[in-house]
Structure formats: C-alpha cells, structure tokens
Amino acid sequence: MSAAAAPGAHDGAVLRAEGLGKRFAGGWVLEGVDLALHPGEIVGLVGQGGHGKSVLLKCLAGLLAPDAGRVVAFGEDLATLSSVRLAKVREAYGYVFQNYALFDFMTVADNVAFPLRQRGDADERAVKALVRERLAEVGLAAAVGLYPRELSGGMKKRVGLVRATVTDPDVILYDDPSAGLDPVTSSKIFELIARMQERRAGSAAIVVSHDIDRMRAICARYVMLERGRVVFEGGEEDVAGAPRAVSDFFDLDGAGVLA
Amino acid sequence: MVNDVHVAPPAPPRWYESLFIAVGAPFTAVGRELRGDVALAFAALGAIFRGAAGRRAVVQQAYAVGNRSLFFITATLGFLGLISVYQVATQIQQILPDFSMLGAAFIQLMIREFAPTITGLMIATRVGSGIAAEIGSMVVTEQVDALRMCNADPVEYLVAPRVLGSVVMVPMLSIYAVLVATLAGMALGHAVFDIPTQTFLSLRLVKGPDIVLGLVKAVSYGFWIPIVAAHAGLSATGGSAGVGWATTRAVVATSFAVVLLDFVISGASYVIFSV
C-alpha cells in the first residue's frame, strides 16, 4: 500500500463508490452508483458514450465532487479531506486521460518526470534515468526531447500511459486509452496496460473502453453503465443472464456465447 | 446490479418566482463572479506568500507581460500623447494663448491617471485574453485535471506566477508609458505650437500623492488583471467554443475591473489626500 494509505476499515477495497450521484445542469449524469475496486484487479467500465463513464472516473479521482453518495479511497472519504490530504491521496493514483492531457509547454521527458518531481524527494539524476527507462520500454526513447505537438496520437497515448504509471501507483484509471487509434495501435496500448499492471502486482485499475475484444485480455470483471446507473456487474460468464442491452454490448450471439 | 434511485423533478417556478429570477439573475451572476475572483485572489496570495510560485515561471510571465507589451504600449501611449497635447493646445490657443502650464498639467495627468489606466486597459486586452485562452484551453484539454492528478496545485502553478509577473511589470510599463506619452506630446507641442521643450518638461504640478496614486493604480491593475482573466480561464467548459467564451469574458471583465478600480482608487485618493 502507498503512503496515502490511512487507517480505517475499507473491506479490502482500495477504492469504493457508495451510492454515487453527480448532476449537471441537464440533470443527473450518475445515479446511485456502487463500485468497489480491490488490489490487483482490473475492472472494465463499459457502456455507450455519454452515459457517465468519464464522469465516474473523475469522481473516483476526486476531480469532481459528487452530489450524492461518496467516494472512499484507501479508507478515506474524499469529500472530507483537506486539499493537502487529497493531494497526498492522489499520489497513489495514476490517471490516463481520454484526450492525452499532456502538458503542451513541456517536453515528453518533462511530462513524464513531472509527477516524480512533484513528490519533491526524488534525486534529479534518478528521475532522468527512470524517465528514459520507462520511455524506452514503450518505444519512445528517441522522443524525450520532443513536445506533445510533435507526436502522433498513439505516441501521445503512450506518453500519457508512462506519465500515469511512472510513480507505480496503487490505482490507475484509464479513460478510453484506445480512443481514436487504429486497431494495431489499440492492441499495443492494451498490451502496454497489461505490462504496466504486471509490473506492480498489487495495483488495481479501472479501464474505460468500448473495445470489448481487447478488454477481454486484461479485465476479469466488468461494470456497465447505462444513463448513469450500473446495469451490470460481473465477469464474462455472467453476461448470458444479463439484460439484452448488456449482452448486445458484449456482442453475445443468440446461443449465449461470446463472439 | 441495478440501482433504483428516483429523484423527483423540481416543481416549475411560479410567475413571481420567474420574475425574481429574471431580474436577479444578472446580479447573482456578477456576485458569483466576484466571489470567485476574490477566492482566487486569496488562493494566489497564499501561494505567493508560501513561495510556491517558481522563480523561472515568474520571470517567463514577467517577460510575457512586460517585454512583449513594449511595442503595444509605445504605439498606444505615443499616439495618446500626440492626440492629447494637440487637442488641449488647440483649445488653449483659442481661449488663452499661454502654453506655460500645458506640459506640467499633462505630465501630472499622465502620472496619476492616463499612463497607468490606459496601460492597464491595454494589458487587460492583450495579456488578459492570452491568460484566459491559455488556461481555458488547458482546462478543456484536461491539462488542469492532469496537474491536480500530479499533485500540482493549478493556482500555484498557473495563477501565482502570472500575478507576480504582472504586479512587477504593469507599474514598470506605466512608468515607461509616462515617458513615451510625454516625449510624444513634447515633440508635437514643439513642432506644431512652438512650445519650448524645457517649458513642456515641467514637474511643477507633480506632487508625492500623484506618484503614489499612479503606482497604487498600476499595482492594483497588475494584480487583478491576471486574477480575473485566470478565473475566466479556469471556469471554461466545453471545447473550443468554451475557450472563446472564456476569452471574451476575460477581456470584458478585466477592462471593467480596470475602470472600476480607477474609480475606487481615485475616490479613495480624494478622501485621503484631497487630490
């Protein structure tokens, strides 16, 4: 467990949403969402676009304050934390943003080094060595001095992945990591996710994606959102008994077999 | 798992409630905006006093606010000096053809009013729009969220260096603006109205309170312009349209802030110094 871990019972879950609700001007985007993430597991968060998946991830990371329910991370209710404590808890998170969210005024190396430098206790030589090593692992050794505007979409995703995982966090939230990428690059991204999760056996992850085929390789459990509500939670073996909307999404044929 | 949480839809407002909403909405919107500006100002001050603004970032922002505005300020204040002296001298010529006090009055007016305020308005449009667009685009591309996830406070990282850079550079630009406008006015006075340069360059009317007033205005503009603009940028929502709205809002709000501060500080000066 990370430095962010605090005493308190949390049933073994590192991250838990309890009756989570979030509303914007147009109404409720999330309603009564319950979700638990345990150490070492990778949960696939699926559903159609605009049904609240990204909003849920932001609530889980404390980037959005819920309007109902609560988010408990490492035994602590995020809504009750001071900004300093929340920042400390967030050190145990990694977040891969849908739109890359690379700092466009920094080079690739500085982007990746940023979370390490923010911790303040890292030796600069060690930071540089680690950044080079991690970028080399994803085939971006030659891109250290480039700026995000000089990278392709797939390269930006890889940099985002490395930045989110360079601190070896306990929880990693992947928001549609293959969005807008071609099938080959998407496969590489999911391979990288699997490799990053293997690096830290105890780390847990939530992966938002529409790419069910590639998620099958890494996810043991799925949560499906529809209009902001959880309509399915379970493994692939549970899909056959789920409502039609769920089996359709999982591309189940009439015989109850995953295609 | 299926959750069944039902939320009753809110009842539609009655006619008198709708009337109150229509009349009060602009005021509450302005109130919310001001509250947000003040909260951001306190957060930025806290970051500055904690020494959280990086020195390199402050120097970069000071360069962006100061050095990059030099041509803009030179052109604007130069023309203002020319126009002001021409208009006033033309009036004097018709009523009382004595230009002995023109330069002294012009320099006093520049120091206490026009140089800081016109500089403030120019910085509000040039720098304020830039700050709102830059921070707004960082918000809509989730870079601000990424900062938070990397344990970096956006106020410390984005707002405090801009505030410090601007607080240092706007007074400097105002002093430069006095110089430019005075030289331009003096040149025109000499060329068109035969006013001797030594007569024009008179500090007879400039008193301590005039200098204090001009500097207080410049420092205030330097502090509030990046605050108001950054607040507009941080409030941006949606995509590029949201950034556009944030930029427009920043220009309007910062320009309004400069005019309002000018009025408030001038009024306070009258009460304190009777000038």
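As a reminder, the structure under discussion sits directly above these lines.
Trainee: Would you mind showing me how to read the overall build of chain B here?
Mentor: For chain B, the count of helices and strands is nine helices and zero strands. The linear arrangement of helices and strands in chain B, starting from the amino end, is α-α-α-α-α-α-α-α-α. Compactness check: chain B gives a C-alpha radius of gyration of 23 Å against a globular reference of 19 Å for 275 residues, more than 25% above the reference. For chain B, the C-alpha atoms occupy an extent of roughly 90 × 50 × 35 Å along the three principal directions. Per-residue burial over chain B gives 44% buried out of 275 residues. A separation of at least 24 residues holds for 85% of the contacts in chain B among residues at least 6 apart in sequence. Carbon and sulfur atoms make up 71% of the accessible area of chain B, which amounts to about 14,200 Å² in all. Once the 15 positive and 14 negative side-chain charges of chain B are each reduced to a mean point, those two points are 5 Å apart.

Trainee: What is the right way to look at the pattern of salt bridges in this model?
Mentor: For side chains bearing opposite charge, pairing can occur when the charged atoms are close. Residue and element names in this part refer to chain A. On inspection of all chains with the given rule, the structure shows 26 salt bridges over all chains. The partner of E31 in a salt bridge is R229, and the shortest N-O contact between them spans 3.2 Å. Of this pair, E31 sits in strand 2 (residues 27-37) while R229 sits in strand 10 (residues 229-234); the two residues are 198 residues apart in sequence, bridging distant segments of the chain. As far as the burial class goes, E31 and R229 line up, both buried.

Trainee: Would you explain helix 5 (residues 153-165) of chain A in this entry?
Mentor: An α-helical segment advances 3.6 residues per turn. Residues three or four places apart therefore align on the same side. Compared with the 18 Å implied by 1.5 Å per residue over 13 residues, the 19 Å span of helix 5 of chain A between its first and last C-alpha is a close match. The set of residues buried in helix 5 of chain A consists of A:G154, A:K157, A:V159, A:G160, A:L161, A:V162, A:R163, A:A164 and A:T165. Tucked into the core, helix 5 of chain A has its buried residues touching strand 6 (93-96), helix 3 (108-118), helix 4 (124-137), strand 7 (171-175) and helix 6 (183-199) of chain A together with helix 5 (143-149) of chain B.

Trainee: Teacher, can you tell me more about helix 1 (residues 53-60) of chain A here?
Mentor: Residue and element names in this part refer to chain A. A large share of helix 1 lies buried, amounting to seven of its eight residues. Where helix 1 is concerned, the buried positions are K53, V55, L56, L57, K58, C59 and L60. Just downstream of helix 1 lies G62, where phi reads positive at about 80°.

Trainee: Help me understand a nonpolar patch on the surface, please; the structure alone is not making it clear to me.
Mentor: Residue and element names in this part refer to chain B. Taken together, the side chains of V212, V216, Y270, V271, I272, F273 and V275 define a hydrophobic patch exposed on the protein surface, amounting to about 670 Å² of accessible area. At the level of secondary structure, the elements contributing two or more residues to the nonpolar patch comprise helix 8 (208-234) and helix 9 (240-273). In terms of residues, the nonpolar patch owes the most to one element, helix 9, which gives four residues. Assignment of secondary structure puts I272 in helix 9.

Trainee: How do you make sense of the interface of chain B and chain A when you look at a structure like this?
Mentor: Many descriptions give the size of an interface as the accessible area lost when the pieces come together. Facing 20 residues of chain B, the contacting portion of chain A comprises 31 residues. In total, chain B and chain A occlude about 2,300 Å² of area from one another, counting both sides; carbon and sulfur atoms represent 55% of this. Summed over the shared surface of chain B and chain A, the result is two salt bridges. In this structure, the salt-bridge partner of A:K58 is B:D145, at a minimum N-O distance of 3.0 Å. Connecting chain B to chain A are six residue pairs in polar contact (both at pLDDT 80 or more). No other element matches the six residues that helix 5 of chain B contributes to the side of chain B that touches chain A. Class assignment for the residues of the side of chain B that touches chain A results in eleven nonpolar, five polar and four charged.

Reading the values: the criteria
Residues numbered from 1 in each chain as written. Chains lettered and ligands numbered in written order. Predicted model: local features only at pLDDT ≥ 70, side-chain atom pairs only at ≥ 80, totals over all residues. Heavy atoms only, no water. Helix = DSSP H or I, 4+ residues; strand = E, 2+ residues; numbered from the N terminus. Rg over C-alpha atoms; globule rule 2.2 N^0.38 Å. Buried < 20%, exposed > 50% of the residue type's maximum accessible area, 1.4 Å probe, protein only. Contact = heavy atoms within 4.5 Å. Areas by Shrake-Rupley, 256 points an atom, 1.4 Å probe, with all protein chains shown as cover. Lys, Arg positive; Asp, Glu negative; His and termini not counted. Charge placed at Lys NZ, Arg CZ, Asp CG, Glu CD. Salt bridge = Lys/Arg side-chain N within 4 Å of Asp/Glu carboxyl O. Expected span 1.5 Å × (residues − 1). Patch = residues over 30% accessible without salt bridge, like charges linked within 9 Å, V, L, I, M, F, W, Y side chains within 5 Å. Buried area = accessible area lost by both parts, 1.4 Å probe. Polar contact = N/O pair within 3.5 Å; in protein donor to acceptor, adjacent residues only side chain to side chain. Nonpolar A, V, L, I, M, F, W, Y, C, P; charged D, E, K, R; others polar.

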